[in-house]
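What follows is each chain in one-letter form.
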Amino acid sequence: MTDSNKMIINLALFGMTQSGKSSVGNILLGSSDFHSSFSPCSVTKDCCLGRSCHLCGFMRRGGQEITLQIQVLDTPGYPHSKLNQEHVKQEVKHALAHHFGQEGLHLALLVQRADVPFCEQEASSLVQMIQELLGHAWKNYTAILFTHAEKIEEAGFSEDEYLHEAPETLLTVLNSIQCRYIFQYKKENSFNEQRLKMLERIMGFIKENCYQVLTFK
């Protein structure tokens with residue numbers, strides 16, 4: 001936060017290949033900063049920081065209207081189809097320190113396709129990397145964002161029913177992060193509607209954390 005009526009929110013995106021990280025980043029930013037496309041292999045190879053325009057009238061704090069700006073760090077998929085895991089880990093570690101070393105990170109979003117099983121081996125590897133990068137406090141600064149949530153409705157599930165049927169690996173992670181999750185629906189929702197709904201949930205998590213940040217050295 002740079003002054004009393006402006007707030008900068010720092011977010012980082014983590015996820016497996018083709019989970020929809022870059023697409024989520026673009027929605028949060030209200031732009032097309034990150035390259036996003038369907039591909040049989042990993043698309044994102046480097047960490048990239050995007051900044052949104054200023055959002056006026058989105059929220060109030062202490063009786064004052066706050067101008068909000070979102071900064072999003074997009075990261076390579078993990079595991080990656082072309083880069084080894086240690087390379088990706090070091091790339092992300094450097095980017096976190098470079099972009100959020102002083103300002104701090106408000107929230108890490110673990111992006112997961114709702115229509116793809118949360119497989120134990122790959123998911124555990126990703127969660128372990130997040131733990132190593134964010135440190136022991138990772139549980140307080142992480143939420144899961146489910147993309148392609150419209151597939152849940154098409155299958156006849158409610159969100160609660162979907163989570164009830166989730167594998168133990170996913171439930172363990174959700175319990176660790178105090179059940180912070182977001183469902184992203186594309187069907188019949190405009191780009192702006194998706195953005196506002198996700199930002200409302202994200203700001204709710206950040207407020208619960210008393211706007212604290214995770215810093216990096």
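Residues numbered from 1 in each chain as written. Predicted model: local features only at pLDDT ≥ 70, side-chain atom pairs only at ≥ 80, totals over all residues. Heavy atoms only, no water.

**Re the nonpolar core**
Next, step 1: Judged by nonpolar contacts, the single largest core of 43 residues is most densely connected at Phe-14, Leu-96, Leu-134, Phe-146 and Phe-183.
Next, step 2: For this core, the leading source of residues is helix H3 (residues 120-134), giving 7 residues.
Next, step 3: When near neighbours in sequence (up to four residues on either side) are disregarded, Leu-134 contacts Leu-96, Leu-105, Ala-108, Thr-142, Leu-214 and Phe-216.
Next, step 4: Counting 28 residues, the second-largest nonpolar core is a separate cluster that includes Leu-13, Ile-66, Val-72 and Ile-182. (Core = buried A, V, L, I, M, F, W, Y, C linked by side-chain atoms within 4.5 Å. Buried < 20%, exposed > 50% of the residue type's maximum accessible area, 1.4 Å probe, protein only. Helix = DSSP H or I, 4+ residues; strand = E, 2+ residues; numbered from the N terminus. Contact = heavy atoms within 4.5 Å.)

**What to know about the packing of aromatic side chains**
Next, step 1: Considering all chains together, one arrives at 4 aromatic pairs under this definition.
Next, step 2: Ring geometry for Tyr-162 versus Phe-183: centroids 5.9 Å apart, planes at 80 degrees, classification edge-to-face. Separated by 21 residues along the polypeptide, Tyr-162 in helix H5 (residues 159-164) and Phe-183 in strand S7 (residues 181-183) bring together distant segments of the chain.
Next, step 3: Look at Tyr-162 and you get buried, because its relative accessible area is 16%.
Next, step 4: Taken together, the ring pairs in this structure connect Phe-146, Tyr-162, Tyr-181 and Phe-183 into an aromatic cluster.
Next, step 5: Above the face of the Tyr-181 ring, Arg-201 is positioned so that its terminal group lies 5.6 Å from the ring centre. (Phe/Tyr/Trp six-rings, centres within 6.5 Å; stacked < 30°, edge-to-face > 60°. Lys NZ or Arg CZ within 6 Å of the ring centre and 35° of its normal.)

**Brief notes about the pairing of strand S1 (residues 6-15)**
Next, step 1: Of all 10 residues in S1, 9 are buried, a share of seventy percent or more.
Next, step 2: Note that S1 and strand S4 (residues 64-74) share 7 bridges and pair parallel. Bridge pairing in S4 links Lys-6 to Thr-67.
Next, step 3: Of the pairings in the sheet, the one linking S1 to strand S5 (residues 107-113) comprises 5 bridges and is parallel in character. Residue pairing for S5: Phe-14 is matched across the bridge by Leu-110. (Pairing = 2+ DSSP bridges.)

**Considering the environment of His-99**
Next, step 1: In this fold, His-99 is placed in helix H2 (residues 85-100).
Next, step 2: Distance from His-99 to Val-72, taken between C-alpha atoms, is 9.9 Å for residues 27 residues apart in sequence.
Next, step 3: For His-99, the residues in contact, after removing those within four places along its chain, are Leu-49 and Leu-73.

**As for unusual backbone geometry**
Next, step 1: Even without a glycine there, the phi angle at Gln-18 is positive, about 65 degrees.
Next, step 2: Mapped onto the elements, Gln-18 comes out in the loop between S1 and helix H1 (21-29).
Next, step 3: Its identity as a non-glycine residue notwithstanding, Cys-179 has a phi of 55 degrees, on the positive side.
Next, step 4: The residue Cys-179 is located in the loop between helix H6 (168-176) and S7 in this model.

**A short note on the packing of H1 against helix H7 (residues 191-208)**
Next, step 1: The contact between H1 and H7 brings their axes to 8 Å, and the two run at 90 degrees. As judged from the angle between their axes, H1 and H7 are roughly perpendicular. Between H1 and H7, the contacting residues are Asn-26, Ile-27, Leu-28 and Leu-29 on the first element and Phe-191, Gln-194, Arg-195, Met-198, Leu-199 and Ile-202 on the second.
Next, step 2: Looking at side-chain class alone, the contact of H1 with H7 contains 7 nonpolar, 2 polar and 1 charged residues. (Axes fitted to C-alpha atoms, helices over the stretch in contact; angles between N-to-C directions. Parallel < 35°, antiparallel > 145°, perpendicular 65-115°, else oblique. Nonpolar A, V, L, I, M, F, W, Y, C, P; charged D, E, K, R; others polar.)

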